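# Structural overview
The primary structure of each chain is shown beneath.
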Amino acid sequence: MEIARRQLTGVKESKMEASKTLSDFIALCHKIYAHDFVPGSGGNASIRLGDRIVITPSGISLGKLEETDLVSIAMDGSVIGKGKPSKEWRMHMNCYERADVNAVIHVHSPYAVAIACLKELDTTCAMPVYTPGYSVRVGALPVVPYYRAGSTELADSIIAIMAHRNSLLLENHGLLTVGVTMDQAFNLVEEVEENAHLHFTLGGAGKPLTREQQEDLTGKY
Ligand SMILES: [Zn+2]
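Parameters at a glance
Position labels on residues start from 1 in each chain and follow its written sequence. The model is predicted, so local features are restricted to residues of pLDDT at least 70 and side-chain atom pairs to those at 80 or more, both for listing and for counting; the totals for chains, interfaces and linings are taken over all residues. Remark: hydrogens and water are excluded; side-chain values derive from all non-hydrogen atoms of the structure. Runs of E in the DSSP output that reach at least two residues are strands. Runs of H or I that reach at least four are helices, and both are numbered from the N terminus. For every residue, the accessible area obtained with a 1.4 Å probe (protein chains only) is divided by the maximum for its type, and the residue is called buried under 20%, exposed over 50%, and partly exposed between those limits. In this description, strands pair whenever DSSP reports at least two bridges between them. By definition, residues are in contact when any of their heavy atoms lie within 4.5 Å. Convention adopted: a line fitted to C-alpha atoms gives each axis, helices being fitted over their contacting stretch, and angles between N-to-C directions are expressed from 0 to 180 degrees. Metal donors were taken as nitrogen, oxygen and sulfur atoms no farther than 2.8 Å from the ion, or 3.2 Å where the ion is Na, K or Ca. Water is excluded, so coordination may look unfinished. Count a disulfide wherever a pair of cysteine sulfur atoms falls within 2.5 Å. Think of a 1 Å grid over just the protein atoms. A cavity is a set of points where a 1.4 Å probe fits yet cannot get out, a pocket is an open set with protein on both sides within 12 Å along at least five of seven lines, and lining residues have an atom within 4 Å of a point. Grid points are joined across faces, edges and corners, and a volume is the space filled by probe spheres set on the points. For this scheme, ten residues count as nonpolar: Ala, Val, Leu, Ile, Met, Phe, Trp, Tyr, Cys and Pro. Four count as charged, namely Asp, Glu, Lys and Arg, and the remainder, Gly too, count as polar. UniProt positions are given in the numbering used here, feature names are shortened, and annotations may be inferred rather than shown by experiment.

## What about unusual backbone geometry?
In this structure, D36 takes a positive phi of about 60 degrees despite not being glycine. Tracing the backbone shows D36 in the loop between α1 (2–34) and β1 (44–49). Here D36 falls in the exposed class, since its relative accessible area comes to 57%. One non-glycine residue, N172, lies in positive phi territory at about 50 degrees. Within the element layout of this structure, N172 appears in the loop between β7 (167–170) and β8 (174–179).

Quick look at the structure:
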């Protein structure tokens, strides 16, 4: 009896946890929209919830999203229940190949997109590193080549880099970040957007951190 009761309580608790996680996720989506990181109905986000992924749907603005709009995907890529997932769902699923990733965010934030559209883009380091915080948390931001949004090619292009990094740019498109938590993934979006904003504000007059200054920060920040 005691074991059965404990098991029942456990189920109740995990249901409560899941419902809290989902309401936190909706709050995150609204925050992404409120920060102007996803114009129109663009951008998408997802979280790992037990043995499934919960992702934002296709064609609905993140600013207007409600819990009932969310779509669940099993780890084999099949949709559980109703709904049409974001067309970038494959890209999200590829990020969850890493066991420590619990949240994925893809945005079209204006300054990061502007960087991703530059003619002369260094695909190993998209923009100069201006501040210590950005150096430590993002550093040399890589870029994957342009592929059509929602294509398998785009989804596959991020695998090698995301195996060992938490952020990258999609050429002529946007930004992708991952985190152990939703906050971590969101903070990376803010970091990249702020460094990109700085880059254009400085207009070529900026003095980035040197390689030595960046190396000196390793493990000390
Ligand atoms: Zn996109």
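## Observations regarding the sheet that holds strand β4 (residues 79–80)
In sheet architecture, strand pairing relies on hydrogen bonds along the backbone and comes in two forms, parallel and antiparallel. On the basis of which strands lie adjacent, the open sheet formed by eight strands has the order β4-β3-β2-β1-β5-β8-β7-β6 and mixed pairing. The open sheet has two free edges, formed respectively by β4 and β6 (143–144), since each of these has just one partner strand. Bridge count between β6 and β7: two bridges; the pairing is parallel. Residue pairing for β7: V144 is matched across the bridge by L170. Along the sheet face, helix α7 (residues 182–202) touches β1, β5 (103–107) and β8 and points at about 145 degrees away from the line of β8.

## Considerations on the coordination of the zinc ion
Protein coordination at the zinc ion comes from H106 (NE2), H108 (NE2) and H173 (NE2), with a distance range of 2.0 to 2.1 Å. The sequence motif formed by the donor residues of the zinc ion is H-x1-H-x64-H. Of the two residues, H108 sits in the loop between β5 and α3 (110–116) while H173 sits in the loop between β7 and β8, which places them 65 residues apart along the sequence. In this structure H108 comes out as partly exposed when scored by relative accessible area, which is 23%.

## As for the state of the cysteines
One pass over the full model with this rule turns up zero disulfides. Left without a disulfide partner, C29 is nearest to the cysteine sulfur of C95, which lies 15 Å away.

## Remarks on the layout of surface pockets
Within this model, the largest pocket holds a volume of roughly 210 Å³. Taken together, 15 residues form the lining of the largest pocket, with E67, T68, D69, L70 and V71 sitting closest to its centre. Of all the secondary-structure elements, those providing two or more residues to the lining of the largest pocket are β2 (52–55) and β3 (71–74). Among the residues forming the lining of the largest pocket, the class breakdown is six nonpolar, four polar and five charged.

## Considering the pairing of β1
When you tally the buried positions in β1, you get five out of six residues, the bulk of the element. Examined bridge by bridge, β1 and β5 share four bridges and lie antiparallel to one another. Within β5, the position partnered with A45 by the bridge is I105. Relative to β2, β1 runs antiparallel, the two sharing four bridges. The residue of β2 that forms the bridge with I47 is V54. Linking β1 to β2, which pair antiparallel, is a turn of two residues; within it G50 sits at a positive phi near 65 degrees.

## Side note on the UniProt feature "domain: Class II aldolase/adducin N-terminal" (unreviewed entry) in the protein chain
Mapped onto this numbering, the UniProt entry annotates "domain: Class II aldolase/adducin N-terminal" (unreviewed entry) at residues 23–200. Along residues 23–200 one finds 34% helix and 19% strand; the C-alpha atoms at either end are 36 Å apart.

## Quick notes on the environment of L121
Structurally, L121 can be placed in the loop between α3 and α4 (132–137). Overall, L121 belongs to the buried group, its relative accessible area being 17%. In the structure, L121 is positioned 50 residues away from E171 in sequence and 8.8 Å away in space, judged by C-alpha atoms. If we ignore the near neighbours within four places in the chain, the residues touching L121 are I115, A116, A126, V143 and E171.

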